[in-house]
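# Topology and contacts: notes
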Amino acid sequence: DIQMTQSPTSLSASIGDRVTITCRASEAIRTYLNWYQQKSGKPPNLLIYAASTLQSGVPSRFSGSGSGAEFTLTISSLQPEDFATYFCQQSYKTMSFGPGTRVDI
Amino acid sequence: QVKLMQSGAEVKEPGASVKVSCKLSGHSFTDNYFHWVRQAPGQGLEWMGVVTPIGGFGTYAHSFQGRVTMTTDTSTSTVYLGLSGLTSDDTGIYYCARVVADGGPYHMDVWGEGTTVTVSS
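An account of the accompanying structure is given in this report. Keep in mind that what you see is a predicted model, and the values were worked out from it rather than measured.

## Here we look at the pattern of salt bridges
Using the criterion set out here, one finds nine salt bridges over all chains in the structure. In this structure, Glu 70 of chain A engages Arg 24 of chain A in a salt bridge whose closest nitrogen and oxygen atoms are separated by 3.2 Å. Here Arg 24 of chain A lies in strand β3 (residues 19–25) and Glu 70 of chain A lies in strand β8 (residues 70–75), a separation of 46 residues in the sequence. Asp 90 of chain B is the partner of Arg 38 of chain B in a salt bridge, and the nearest nitrogen-oxygen pair spans 2.7 Å. You can see Arg 38 of chain B sitting in strand β4 (residues 32–39) and its partner Asp 90 of chain B sitting in the loop between β8 (78–83) and β9 (92–100), a full 52 residues away along the chain. The two residues Arg 38 of chain B and Asp 90 of chain B agree in class, both being buried. Three or more residues joined by partner-sharing salt bridges are found here, namely Arg 38, Glu 46, Arg 67 and Asp 90 of chain B.

## Points about the interface of chain B and chain A
Where interface size is given, it is often the accessible area lost as the parts come together that is meant. Taken together, the contacts link 19 residues of chain B with 19 residues of chain A. Contact with chain A buries surface across chain B, with Leu 45, Trp 47 and His 107 of chain B losing the most and accounting together for 34% of the total. At the boundary of chain B with chain A, the tally comes to zero salt bridges. Taken together, the links from chain B to chain A amount to seven residue pairs in polar contact (both at pLDDT 80 or more). Elements that contribute at least two residues to the side of chain B that touches chain A include exactly β4, β5 (46–51) and β9 of chain B. A per-element tally of the side of chain B that touches chain A places β4 of chain B first, with three residues. Grouping the constituent residues of the side of chain B that touches chain A by class yields nine nonpolar, seven polar and three charged.

About the thresholds
- Residues numbered from 1 in each chain as written.
- Chains lettered and ligands numbered in written order.
- Predicted model: local features only at pLDDT ≥ 70, side-chain atom pairs only at ≥ 80, totals over all residues.
- Heavy atoms only, no water.
- Salt bridge = Lys/Arg side-chain N within 4 Å of Asp/Glu carboxyl O.
- Helix = DSSP H or I, 4+ residues; strand = E, 2+ residues; numbered from the N terminus.
- Buried < 20%, exposed > 50% of the residue type's maximum accessible area, 1.4 Å probe, protein only.
- Contact = heavy atoms within 4.5 Å.
- Buried area = accessible area lost by both parts, 1.4 Å probe.
- Polar contact = N/O pair within 3.5 Å; in protein donor to acceptor, adjacent residues only side chain to side chain.
- Nonpolar A, V, L, I, M, F, W, Y, C, P; charged D, E, K, R; others polar.

Take a look at the structure:
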């Protein structure tokens, strides 16, 4: 099974900050990497798929990059509604999620 | 608008089984794969498995094999998750999610609201 890790586990940031979250896979997964945002009490919401493709309706301040085994999610200017937990997910071999990164104030 | 409507909360005793349903609307049932994801209280997301709409062929995560069954009913556009031998570790929210069967790269773009399963004596 492919194991996913994320760093940091949590981070504190301010409105307007640039935030970067890293996701690593235990083996190369090409660009079969998705990012989700989850707010308390809600299901996850797809932000980015195929490592860098922005899901329809997602603000352009979110971006993704990477290939192989290392990926990043960047929020260019943090907004109040962005405080949430972010998960990466690989879809190269079945599926598995990273442990999540909590972004708070 | 594509929606996944899940069944209501369940409370089960240890050793029992549970069956959760997830009904698709707004899209052709047979054009999707359906995944189940579990989230224990305060924890992350755990992929449980995937089922095909026609034939109901399931691929399950190793940690659930032997206890999980995923089935489909094309006549009602509904997928089902069955889990047996429940323990307190199975307490959590169970989400269904769809992946469009277009050859990939696969991603879960529509999620149900989740079904809370509580296992307690």
